[in-house]
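Chain by chain, the residues run as shown.
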Amino acid sequence: MSQATPTLSRVRHSLTPWARIAALTVCALLTLGPVIWTVATSLRTPAQSFDLPPQIIPTHPTTAAYRGVFQQIDVWLLALNSALVTALIAVGQMITAGLAGYAFARLEFRFKKPLFGLVLATMMVPLQVTIVPVFLVLKSMGLTDTLLGLIIPAFPTAFGTFLMRQYFLGMPKDLGEAAMLDGAGTWRIFRSVYAPLATPGLAIVGVLAFNYHWNEFFRPLILETSSQNYTLPLGLVSLQGNLGTGSISVVLAGVVLSMLPAVAVFAVGQRPLREGITSAGVNR
């Protein structure tokens with residue numbers, strides 16, 4: 001009995017890594033399955049899009065669907081609009097989140113905790129609830145049907161403020177106190193001491209903001225009416241007419257094209273994301 005127990009323990013211990021690998025493999029397949037099917041279908045002909053059973057790897061891949069996307073919509077203009085909007089929003093959220101997070105973490109002022117609680121409460125308000133007041137304000141300012149009307153209202157970020165506040169709280173106070181003894185003011189301490197150390201956290205805010213607003217559909221649908229101001233997700237809606245004719249490959253080719261910039265940004269920003277999360281965990 002005493003010999004069987006260690007043997008069973010060794011077998012269980014040896015099976016644990018394989019069980020984890022199997023579970024991660026299943027999760028990866030469930031996550032990547034729709035993406036693989038989308039890419040594969042975009043390389044098929046319209047007639048092959050509805051083959052049963054579906055083929056994961058196209059037997060005769062073709063790029064005709066991608067040519068169809070460029071023929072039916074102005075992909076370059078839509079991509080330029082999306083890149084401009086999302087890049088400016090990402091930069092704006094990095095600035096506002098950095099300033100607000102530092103203020104809530106390091107500065108002392110009246111009603112600090114209630115104000116921070118109010119900021120967090122806005123995270124529970126759906127976008128659909130605030131879109132009408134935002135539209136009316138933008139209309140009064142003459143910013144409807146403009147790219148600026150998409151950019152400015154997206155600068156404030158409750159999640160980014162919370163993230164940067166936690167990030168600044170994890171930094172040692174001694175750095176700011178030493179700079180204060182050297183005669184540095186509040187703005188100088190933030191700009192020269194804490195902001196450079198918060199670069200990984202700001203990178204997290206920027207990458208998440210870019211990926212979210214690159215795929216945003218609801219706000220552009222409400223605020224934009226002219227086709228020259230459409231973003232890429234909104235412009236791809238015009239490809240839905242192909243679903244009625246069996247050209248689902250054209251629709252999915254447009255989806256694949258819209259995914260590429262977000263995937264590229266995430267791939268480039270993966271290292272800052274990892275470093276930011278790791279350093280934040282160590283500091284806490």
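Residues numbered from 1 in each chain as written. Predicted model: local features only at pLDDT ≥ 70, side-chain atom pairs only at ≥ 80, totals over all residues. Heavy atoms only, no water.

The name recorded for the protein in an unreviewed UniProt entry is Multiple sugar transport system permease protein, from Streptomyces pseudovenezuelae. What the UniProt record of the protein gives under Sequence similarities (unreviewed entry) is the line "Belongs to the binding-protein-dependent transport system permease family." The protein has a UniProt comment under Subcellular location (unreviewed entry) that states "Cell membrane". (UniProt positions renumbered as here; feature names shortened; annotations may be inferred.)

## Here's the deal with the UniProt feature "transmembrane region" (unreviewed entry) in the protein
The positions that UniProt labels "transmembrane region" (unreviewed entry) are, in the present scheme, residues 21-40, 75-103, 115-138, 150-168, 189-214 and 248-269. Across residues 21-40, the secondary structure splits into 100% helix and 0% strand, with the terminal C-alpha atoms separated by 26 Å. Taken end to end, residues 189-214 is 96% helix and 0% strand, and its first and last C-alpha atoms sit 34 Å apart. (Helix = DSSP H or I, 4+ residues; strand = E, 2+ residues; numbered from the N terminus.)

## Topic: unusual backbone geometry
The residue Phe111 is not glycine, and still its phi comes out positive at about 60°. Within the element layout of this structure, Phe111 appears in the loop between helix H3 (75-106) and helix H4 (112-121). Overall, the relative accessible area of 53% leaves Phe111 in the exposed class. In this structure, Asp145 is a non-glycine residue whose phi angle is positive, near 60°. (Buried < 20%, exposed > 50% of the residue type's maximum accessible area, 1.4 Å probe, protein only.)

## Some words on the packing of helix H9 (residues 186-197) against helix H10 (residues 199-214)
Running from N to C, H9 and H10 point in directions that differ by 65°, and their axes come no closer than 5 Å. Of the residues in H10, those touching H9 at Ala195, Pro196 and Leu197 are Thr199, Pro200 and Leu202. Each residue belonging to the contact of H9 with H10 can be placed in one class, and the counts come to five nonpolar, one polar and no charged. (Axes fitted to C-alpha atoms, helices over the stretch in contact; angles between N-to-C directions. Contact = heavy atoms within 4.5 Å. Nonpolar A, V, L, I, M, F, W, Y, C, P; charged D, E, K, R; others polar.)

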